[in-house]
Amino acid sequence: AVMLILDQTLHIGFFDPVIIRIKGDFAGTQDRVFAISDKFLKVIKNAKTYGFETKPIGTTGWHAFRVTERVDCDESVMSLLEPFCLECNRPDRVPGTFEYSKQLSLPARSNTFFTTKKGWAKPFHDRAIFLTEDVMQILKKGGVTGGWCNRLWTDDEVQVGLEKAKQGKKWTPPGWCVSL
């Protein structure tokens, strides 16, 4: 399992020399490590955010980030497409993405990073990283940059989207995509 490899990496650690060049404060690597800057880590630690652990990546000022809060999900959101690898049994592609709050069992507490219990072998990650609304606000207020957050749609927003689609219009909720 891909996450097991990251679990082992976090346990073993990283050794210098490591060179990281990322514009912004976070990124996913090709070997499925989600890297965060010292700034990102300081912001979430100062806010006493839950649901993660980190390990320094050598002396680079970057950290491997792993989400520890796992939730149930609607597994039918993802599709496993053949062919499957003969060595590791991973599918060739895994289309699908979680877009609606009803597709996940949301965490009981706020100020939390979370992900699904089940993982899928997707490029750059096997699980999407989710965060509660207050974490997104903390990151934005802390000046963390380099990407965006897509908010999960509520049931009411899904209904509005369906009504607009019947009229031939594409609609997304206001504030659905937040740039960091």
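Residues numbered from 1 in each chain as written. Predicted model: local features only at pLDDT ≥ 70, side-chain atom pairs only at ≥ 80, totals over all residues. Heavy atoms only, no water.

Novice: Looking at this structure, how should I read the nonpolar core?
Specialist: In summary, soluble globular proteins display a tendency toward joint burial of nonpolar side chains. Phe 26, Ile 36, Phe 40, Ile 44, Phe 65, Phe 113 and Leu 139 are the most contacted members of the largest nonpolar core, which totals 18 residues. Elements represented by at least two residues in this core include exactly β2 (34–37), α2 (38–46), β4 (62–67) and α3 (133–141). The biggest single contributor to this core is α2, with four residues. Phe 40 has contacts with Asp 25, Phe 26, Phe 65, Phe 113, Leu 139 and Val 144, leaving out every residue within four places of it along the chain. Judged by nonpolar contacts, the second largest core, of 10 residues, contains Phe 98, Phe 114, Phe 130 and Leu 152. (Core = buried A, V, L, I, M, F, W, Y, C linked by side-chain atoms within 4.5 Å. Buried < 20%, exposed > 50% of the residue type's maximum accessible area, 1.4 Å probe, protein only. Helix = DSSP H or I, 4+ residues; strand = E, 2+ residues; numbered from the N terminus. Contact = heavy atoms within 4.5 Å.)

Novice: Please explain α2 as it appears in this structure.
Specialist: Owing to its 3.6 residues per turn, the α-helix aligns residues three or four sequence positions apart on the same side. All of the buried residues along α2 are Phe 40, Leu 41, Val 43 and Ile 44. For α2, the buried positions fall inside an angular range of 160° around the axis, keeping them on one side. Opposite the buried face of α2, by more than 90 degrees, sit the exposed residues Lys 42, Lys 45 and Asn 46. A positive backbone phi angle near 55° is found at Lys 48, which sits one or two residues after α2. (Arc of directions from axis to C-beta.)

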